[in-house]
Amino acid sequence: MPKIDPDMRLRFLTLVLVMLAGHAMAQQTKSLQKVMQLKMQGDGGSNGAAIAFHTVNKKYYAAMAGNTTYPLCVFNEQGYLVSGGQVESLADVRGLWFNTRKAKLQGNAYGENGWFEYTLDGNGIPTDHRIIMENASQPDPQSVGTFAAKLNQVLFFDGRDIYFYDVISGEVKESLSLEEMRKKSGMGSFDADDYNNSTVFYTGITGQEIGVVNTATRMVELYGMSGQLGQKLAIPSGVSLYTKFNCGYANGMYWFFDQSTRTWTGYKEGSATTGGTTTQPVTTGTLGGGTGSSNSKYTKIVTVGDLYSTYDLAGSNADDVSRWRSEWGSSTVDKILELSKESGWPENINTLSKRDGKRERFTQYMAYYIADVGADKVLLWLPKAENQNVDSDLRLAFDIYMVYKKSAVTLGQKTRPPSSAATGTKTLGGGTGSGSGSRATVIKDPGQLYSTYDLEKDESGIANWLRNTYGTAAGNEILKRATETGWPSGISTFTGRNDYRDGFINFVAYYIADIGTDKVLLWLPMNKNGHMPAACRGDNDIYMVYARSAVTLGDKVKATVNIKQETNNGGGGDDGRTKPVTGVLGGGSGTKPQPATQAATGNFQAQFESILKAYGNNFSGIKGTERSASGAIFKDWNTSVKLAGSFDCYLTEGILNDHLEYVADYGIIKNKNAAMIKMNALIANVLKVGGTYALKRDNVETKEKSIVELFVLKGTAAKEYEYLLVEIGMYKKGDTNDEWSVQILVYSEEEDW
């Protein structure tokens, strides 16, 4: 047997290892598949600086590089622009990230302008910023920073080395040489000109945490923290690549910016390719050409002008309507027929003139594709609950339907419409009849309000009827609160109402009396209207006279009337307490016992878990004695589970369904900062309970309220509904003081209307 030269053996083994490494490298390469696109708005700049995803409010933030006045655009999770007109970036943005440890949107600016942090308004739009790290805590003036949550550090790349900066001191903690990383991974020679030299990705994926873009090979190279290559991703051939900026990583996607179209396109890792070649991506996102379909559950409105606002479905498509009745039920179809024309839409968009200046922003709407209308049209469902992050003048007071030309939309997955019994839609009935069993009454036209109507002089005798029905004191209280002089100061004058009148459609109101044949008297309990602006809320329930044609009547109910009790000092004074005179509607209007003077104690997590477990049986396991007034339609009950730190906990009937709602009241807090601290502590406590929570949205109205809603995924607790809502909120008391109510509520999604 011939002797083998040791050097030859070494060379042979080396060759085998290189071949094996090359084979492994080929296996490591995967394709990228297109998911969604974000179209930048506004003028200024040619380079897309960075993109970030806010994991709390579920919005994307994308900025242009080059100037503090260049645009920053905000998009919701489905890719719809929510920032409206041009929003300036305020900083000369280079990097942008969401600091998950601080729950803040942050970034780094050009040169020595430091790191910054944005202040966001209630819709998640940046309104201001502050410097959080002065001077140049970055390796190059153009470096694009990205936040590494696991490390609590910010990463930068200068074309040769990756730097890890401490978020507290701004100092470099360590660095990795890309040239050495390539050598360690058995890759070829290093050329800095082959890479985008401003941007580094941080994915958080074990063994693939660090990403750089090789513009020469058109690959995203992903390395582990040890410097070893973990994965290569082939960038599709149609993607424009640049030596600086115009790429990023956010929300599990690899993003590339096209300067010619000013569009960010997000890609996700697809299937493996052979020999490092790329495959064409499959579009699965919400944006497309306008005629095709996508794998998204949402349908995208592309051409807003192709809306049929007065289309007669029953008359023009009788066969389709007949088929829908057999599939969905007649009551559901009747509702769709009424709410699919402008006459059935909310006041803010129900005429052509009212849609002027708004129509081009209909692309913000979240819509579902529910049916074809003939060969060239489609029927879309627009749920109120999923359209609260659109511009305020577009928000829906209830679910509606729209008929669009098929070529005007990018169709998502087809879905069934909600049944008439299982939706938050407020049924419209033309304002002359009952709201098909709905307990609440819907205000359709706020302009038909009689703000100074003298009920005492009305020929129907309504004033005497109120006194006979409710008692003299309670009747007088209703009469006092039924004109503008008895309303909260923010809406007590005609000019004061100018800023809020259109929003009156969002009042929760109850029909309590007829006034002749053409008017009705409505009761607006304050405890059911915490969602309204502070200027529209006060310490007392109010009443309003509306034209009968301006409302859709719900059930007629008897109000719970609160009057002031006189003190015993003989002076006829007011001790500030309220007394329920007649109780019909529960839920707090003077019917609850006085809150405890000491906060409840115990283990919050264990208590909260017991609440969730009790939900499936309508809280029967923790339901105590009734505490509402006798004869109440909507009742309250005591509960055996009192959350630690709360002053009052109870169960109350829902407005739209028969499932009870759990309420924990943490009392009145004297200033906004203290209320925010309490609210944040409660959020943290809730998030410690189990592992079933996911953030739904963060709807913050900084002047009047702040609400965070979490949902419990469908399972043992939420077996009857798609998910449970856990609402943690702080609500301003009145429009002049700085007192806040802090609460936790647990209820079904059907209540979220």
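All figures in this text were calculated on a predicted structure; none of them were measured in a lab. (Residues numbered from 1 in each chain as written. Predicted model: local features only at pLDDT ≥ 70, side-chain atom pairs only at ≥ 80, totals over all residues. Heavy atoms only, no water.)

**Q** Help me understand the sheet that holds strand β6 (residues 104-109) in this model?
**A** Sheets are built from strands that pair by backbone hydrogen bonding, the pairs being arranged parallel or antiparallel. Sheet architecture is open: 4 strands sit in the order β5-β6-β7-β8, paired in antiparallel fashion. On the outer flanks of this sheet lie β5 (93-99) and β8 (126-133), each paired with one strand and no other. Here the strands of the sheet are splayed against their neighbours by 30 degrees on average, with no regard to which way each runs. In this structure, strand β7 (residues 115-120) lies alongside β8, joined through 6 bridges in antiparallel fashion. By the bridge assignment, Tyr118 is partnered in β8 with His129. (Pairing = 2+ DSSP bridges. Helix = DSSP H or I, 4+ residues; strand = E, 2+ residues; numbered from the N terminus. Axes fitted to C-alpha atoms, helices over the stretch in contact; angles between N-to-C directions.)

**Q** What is the right way to look at the pattern of salt bridges in this model?
**A** Side-chain pairing between opposite charges can occur once the charged atoms of the two side chains come close. Evaluated as defined, the whole model comprises 24 salt bridges. Residue Glu342 is joined to Arg355 by a salt bridge in which the shortest nitrogen-to-oxygen separation is 2.9 Å. With Glu342 in the loop between α5 (330-339) and α6 (352-355) and Arg355 in helix α6, the pair connects residues that are 13 residues apart, well separated along the chain. Assessed through its relative accessible area of 2%, Arg355 is described here as buried. Residue Glu477 is joined to Arg481 by a salt bridge in which the shortest nitrogen-to-oxygen separation is 3.0 Å. Taken together, the residues Glu477 and Arg481, both in helix α8 (residues 472-481) and 4 residues apart, mark about one turn of the helix. Neither residue differs from the other here; Glu477 and Arg481 are each classed as buried. (Salt bridge = Lys/Arg side-chain N within 4 Å of Asp/Glu carboxyl O. Buried < 20%, exposed > 50% of the residue type's maximum accessible area, 1.4 Å probe, protein only.)

**Q** So what exactly am I meant to see when it comes to the nonpolar core here?
**A** When a protein is soluble and globular, its nonpolar side chains tend to lie buried together. In terms of nonpolar packing, the biggest core is built from 45 residues, with Tyr365, Leu379, Met402 and Tyr404 touching the most fellow members. For this core, the secondary-structure elements that each account for two or more residues are α4 (318-328), α5, β22 (368-373), β23 (377-382) and β24 (400-405). Beyond its immediate chain neighbours, meaning those up to four positions away, Met402 contacts Leu307, Trp345, Ile349, Phe362, Tyr365, Val378, Leu379, Leu380 and Leu382. Counting 35 residues, the second-largest nonpolar core is a separate cluster that includes Ile611, Tyr615, Met730 and Trp740. (Core = buried A, V, L, I, M, F, W, Y, C linked by side-chain atoms within 4.5 Å. Contact = heavy atoms within 4.5 Å.)

**Q** So what exactly am I meant to see when it comes to the packing of α4 against α5 here?
**A** Helices that pack against each other are described as a pair by the angle of their axes relative to one another and the distance between those axes. As a packed pair, α4 and α5 sit with axes 7 Å apart at the nearest point and diverge in direction by 135 degrees. Taken together, α4 and α5 sit at an angle that is classed as oblique. On α5, the residues that touch Val321, Trp324, Arg325 and Trp328 of α4 are Ser330, Thr332, Val333, Asp334, Ile336 and Leu337. Of the residues in the contact of α4 with α5, the class split is 6 nonpolar, 2 polar and 2 charged. (Parallel < 35°, antiparallel > 145°, perpendicular 65-115°, else oblique. Nonpolar A, V, L, I, M, F, W, Y, C, P; charged D, E, K, R; others polar.)

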